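Structure assessment
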Amino acid sequence: FITYNQQILNNRGHLSLGLRMDMSDFNLNMINPLNQIAPRASFKYQLSPKWTSNSHFGRYAKLPPAIIMAANNSQNQSDNTNFTLADHFGTGIEYQSGKTYRVSMEIYLKNYSRAPFLQNDQIAFANAIGTYVAVGDQPSISSAIGRAYGFEIFLQQKLKIKKGIVVKISNNNSQYIDLSLIHI
């Protein structure tokens, strides 16, 4: 992982750039870090002494769940396993009154690719629940795609007794595409 940070725009803006590469020796696809290259960037701008705006985007590579890797390995399907990729985009604003009170609001979109798709049940692993499918007993391929979007509101109040109050409100919608290319 490498990162670069720079104050810009008369020190009112903060730019952060990063690059990460992950690898695993599970198979030849996963051992090549260039297959999991994950750039990211964020920008924060001081609108006033108490208000900031921020935006960020980035790619994240995540190992599949161990149960997926074990099932593919036991059925000689290891070559069908890849890191799941997630492209994140978000923007928001934050209000901070000194050192004791903070509130922020953010909207975001996440696009997923190369996620595990259960071959026997023809469903994305992310949509599989215990009452629907016996998870882990079947091979998968890294072909599921999906998205998540929503907003978050975060409130924090620090108290004088070295304690604080944190409230987080989220609304999230997560969907994967089925074989007919419809988000479910």
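Here's a quick rundown of the structure.

Calculation notes
- Residues numbered from 1 in each chain as written.
- Predicted model: local features only at pLDDT ≥ 70, side-chain atom pairs only at ≥ 80, totals over all residues.
- Heavy atoms only, no water.
- Pairing = 2+ DSSP bridges.
- Helix = DSSP H or I, 4+ residues; strand = E, 2+ residues; numbered from the N terminus.
- Polar contact = N/O pair within 3.5 Å; in protein donor to acceptor, adjacent residues only side chain to side chain.
- 1 Å grid on protein atoms, 1.4 Å probe; cavity = no way out; pocket = protein on both sides within 12 Å on 5 of 7 lines; lining within 4 Å.
- Points joined across faces, edges and corners; volume = space filled by probe spheres on them.
- Phe/Tyr/Trp six-rings, centres within 6.5 Å; stacked < 30°, edge-to-face > 60°.
- Buried < 20%, exposed > 50% of the residue type's maximum accessible area, 1.4 Å probe, protein only.
- Contact = heavy atoms within 4.5 Å.

**Re the pairing of strand S8 (residues 140-158)**
Inspection of the sheet shows strand S6 (residues 101-118) paired to S8 by 16 bridges, in the antiparallel sense. Directly across from Val 103, in S8, lies its bridge partner Leu 155. In terms of strand pairing, S8 meets strand S9 (residues 164-176) through 13 bridges, oriented antiparallel. Bridge assignment links Gly 146 to a residue of S9, and that residue is Tyr 176. Counting the residues in the hairpin turn of S8 and S9 gives five residues, including Lys 162, whose phi is positive at 60°.

**Section: the side chain of Gln 138**
Mapping Gln 138 onto the fold places it in the loop between strand S7 (123-124) and S8. Among the polar contacts made by the side chain of Gln 138, one reaches the side chain of Asp 121 at a distance of 2.6 Å.

**With respect to unusual backbone geometry**
For Leu 9, which is not glycine, the phi torsion reads 55° and is therefore positive. Phi is positive for Asn 11, which is not a glycine, with a value near 65°. Positionally, Asn 11 belongs in the loop between strand S1 (2-8) and strand S2 (13-21).

**Concerning the layout of surface pockets**
In this structure, the largest pocket occupies an estimated 240 Å³ of space. Lining the largest pocket we find 13 residues, and of these Lys 62, Thr 84, Ala 115, Pro 116 and Tyr 176 sit closest to its centre. At the level of secondary structure, the elements contributing two or more residues to the lining of the largest pocket comprise strand S4 (51-62), strand S5 (84-97) and S6. Per-element accounting of the lining of the largest pocket gives the leading share, three residues, to S6.

**Looking at the packing of aromatic side chains**
This model, assessed by the stated rule, comprises three aromatic pairs. A centroid spacing of 6.3 Å and a plane angle of 20° characterise the contact between Phe 43 and Tyr 45, whose relative ring orientation is stacked. Classification of Phe 43 as partly exposed rests on a relative accessible area of 27%. Residues Trp 51 and Tyr 95 carry aromatic rings whose centres are separated by 5.1 Å and whose planes lie at 55° to one another, so their mutual orientation is tilted.

**Structural notes on the side chain of Asn 27**
Mapped onto the fold, Asn 27 is located in the loop between S2 and helix H1 (28-31). Reaching out from Asn 27, the side chain makes a polar contact with the backbone nitrogen of Met 30 at a distance of 2.7 Å. Polar side-chain contacts of Asn 27 include one of 2.6 Å to the backbone oxygen of Ser 78. Excluding residues that lie within four positions of it along the chain, Asn 27 makes contacts with Ser 78, Asp 79 and Thr 81.

**Brief notes about the environment of Gln 46**
Inspection of the secondary structure puts Gln 46 in strand S3 (residues 37-46). Sequence spacing of Gln 46 and Asn 11 is 35 residues, and the spatial spacing of their C-alpha atoms is 8.6 Å. Ignoring sequence-local partners within four residues, the contact set of Gln 46 consists of Arg 12, Trp 51 and Thr 52. Within the local environment of Gln 46, its side chain forms a polar contact with the backbone oxygen of Pro 49, the two atoms lying 3.4 Å apart.

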